[in-house]
Structure formats: structure tokens, C-alpha cells
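Below, each chain spelled out in residue letters.
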Amino acid sequence: KVAGGIMEFWGEAIQAKENESYANLKYVWRSALVPGLGQWQYSRDKEDVTNRNKAFIFGSVGFLLSANLFLQIKTRDKDHEAYNQSHRNFFLAPFASSSELVLYSVDNGNYSRYEKSYQTTRNSAYILIGFYLFNVFDAFFLGKPYFNFKKESTTGFFFFPSQVLVNGLKENNYTFGMQVQF
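Remember, it's a predicted structure, so these values are computed and weren't measured experimentally.

A.B. asks: Explain the environment of Tyr-111 to me, using residue names and the numbers behind them.
C.D. replies: Position of Tyr-111 relative to the elements: it lies in helix H5 (residues 98-140). Judged by its relative accessible area of 36%, Tyr-111 falls in the partly exposed class. Counting along the chain gives 27 residues from Tyr-111 to Asn-84, while the straight-line C-alpha distance between them is 8.7 Å.

The following block contains the structure:
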């Protein structure tokens, strides 16, 4: 026994801290399957109305973003097919004829529509991926604050420059300080 028996509980404190860090994994994998499902399960387990509302919002937004991406993909495919058709017609037109000029302008317009729908589809996918990752991040931190703003929890290693007057000469000294909270 060291320090009046404190070391007897050392393993229990470490074990409790390890279990605490994995407590939300059952909510994370559910939110990874369906956005909002982990938050909904947490609200059922803890009887938390706020997370139930958050689950509804995450589920609704996830569904709307998925539907938007699906519609953008269909639009992109339709524009791609229109571009391919006009491109084939342009190559079949007789060389240096008036129909070639008309088909070129149609082909150019279809290409710009296809390029714009491709960029819109890509942006929709990026937004959905970002939302999905935010959903999983939120599920991991359920029941915990995202950021801890308490002054007592500041940790780090600081160098404070100070000037000291010694025998009429200025010297630069450094004060080393470290504050760690367990």
C-alpha cells in the first residue's frame, strides 16, 4: 500500500476511463448505417428529448441530401446521353456544311449542360459526405460537450520571456511553466 491505500484502486480508475471512451460506439455504428439512428437510440436509452429531435433532424436532412444526390445523378446521366447523341451527329455531318455549324453549336451547348450537371452532382456528393461525417462525429460525442471551455482544463508547456535588470544590464531570461490537469 502506498499513500494510505490509493494504489489499490489504480487499475479500476484506468478501466473505468477506458470503458468511458468506448461507451458511444454502439451509437456511432448505428449513425454510420443511417443518419440519426444513433442519436435516436441514445435518446431512447437516456430518455433525452433533445437528442430525439436531433435524430429527427439528422434523419430528415440525410434523406433529403440522399434524394437530391440521386436526382442530380439522373440529371447528369440524361445530360451525358444528350451530349453523346449530339456529338455523334456532329461527327456524321458533312465536312464544311451549314449543318456542321448548327450541330457544333448544339454539341457545345449540350457539353456545357453536361459539365454543369457533373459539377452539381459532385458538389451534392461532397455535401452529403460532409453531413454524413458530421453525423458520425455527433454520435461519437453524445452526452459529452464538443468543446471544454473550463479555465481549469488548460494544459500545455509555455515559455514566458522576461527581462531582468542585473547590475544595470538587461538580460533575457525564460520562465518555464507547465500546468497539467488529471
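A.B. asks: Requested: an account of the packing of helix H2 (residues 25-33) against helix H3 (residues 37-46), with residues and values cited.
C.D. replies: Where H2 contacts H3, the two axes come as close as 6 Å, and the packing angle between them is 140°. Each of Lys-26, Tyr-27, Arg-30 and Ser-31 in H2 lies in contact with H3, whose residues at this interface are Leu-37, Gly-38, Gln-39, Gln-41, Tyr-42, Asp-45 and Lys-46. Partitioned by chemical class, the residues of the contact of H2 with H3 number 3 nonpolar, 4 polar and 4 charged.

A.B. asks: Lay out H5 with the relevant residues and their values.
C.D. replies: For H5, built from 43 residues, the straight-helix expectation of 63 Å at 1.5 Å per residue is met to within 8% by its first-to-last C-alpha distance of 64 Å. For H5, the elements touching its buried residues are H2, H3 and helix H4 (49-92).

A.B. asks: Could you give an account of H2, with specific residues and numbers?
C.D. replies: Every buried residue of H2 is listed here: Tyr-27, Val-28 and Ser-31. Down the axis of H2, the smallest arc covering the buried residues is 105°, so these residues share one side. Where H2 is buried, its residues contact H3 and H5.

A.B. asks: Help me get a handle on the nonpolar core, residues and values and all.
C.D. replies: The biggest cluster of nonpolar side chains holds 6 residues, and these are Tyr-27, Val-28, Tyr-42, Val-136, Ala-139 and Leu-142. Of all the secondary structure elements, the ones that give two or more residues to this core are H2 and H5. For Val-136, the residues in contact, after removing those within four places along its chain, are Val-28, Ser-31 and Ala-32.

A.B. asks: Talk me through the confidence of the model for the protein; I want residue IDs and the actual numbers.
C.D. replies: Looking at the protein, pLDDT values average 77 and 67% of them are 70 or higher. The secondary-structure element of the protein with the lowest mean pLDDT is strand E1 (residues 156-166), recorded at 46, while H4 shows the highest, at 93. Every residue in residues 174-182 is under pLDDT 50, and counting partners more than four places away or in other chains gives 23 contacts.

A.B. asks: Could you give an account of the pattern of salt bridges, naming the residues involved and the relevant values?
C.D. replies: Counted by the stated rule, this structure contains 4 salt bridges. Across the pair Asp-77 and Arg-76 runs a salt bridge whose closest N-O atoms are separated by 3.1 Å. For Asp-77, a relative accessible area of 41% translates into the label partly exposed. With its nearest N and O atoms 3.5 Å apart, the salt bridge here joins Arg-88 to Glu-81. The partly exposed category is assigned to Arg-88, whose relative accessible area is 42%.

About the cut-offs
Residues numbered from 1 in each chain as written. Predicted model: local features only at pLDDT ≥ 70, side-chain atom pairs only at ≥ 80, totals over all residues. Heavy atoms only, no water. Helix = DSSP H or I, 4+ residues; strand = E, 2+ residues; numbered from the N terminus. Buried < 20%, exposed > 50% of the residue type's maximum accessible area, 1.4 Å probe, protein only. Axes fitted to C-alpha atoms, helices over the stretch in contact; angles between N-to-C directions. Contact = heavy atoms within 4.5 Å. Nonpolar A, V, L, I, M, F, W, Y, C, P; charged D, E, K, R; others polar. Expected span 1.5 Å × (residues − 1). Arc of directions from axis to C-beta. Core = buried A, V, L, I, M, F, W, Y, C linked by side-chain atoms within 4.5 Å. pLDDT = per-residue confidence, 0-100. Salt bridge = Lys/Arg side-chain N within 4 Å of Asp/Glu carboxyl O.

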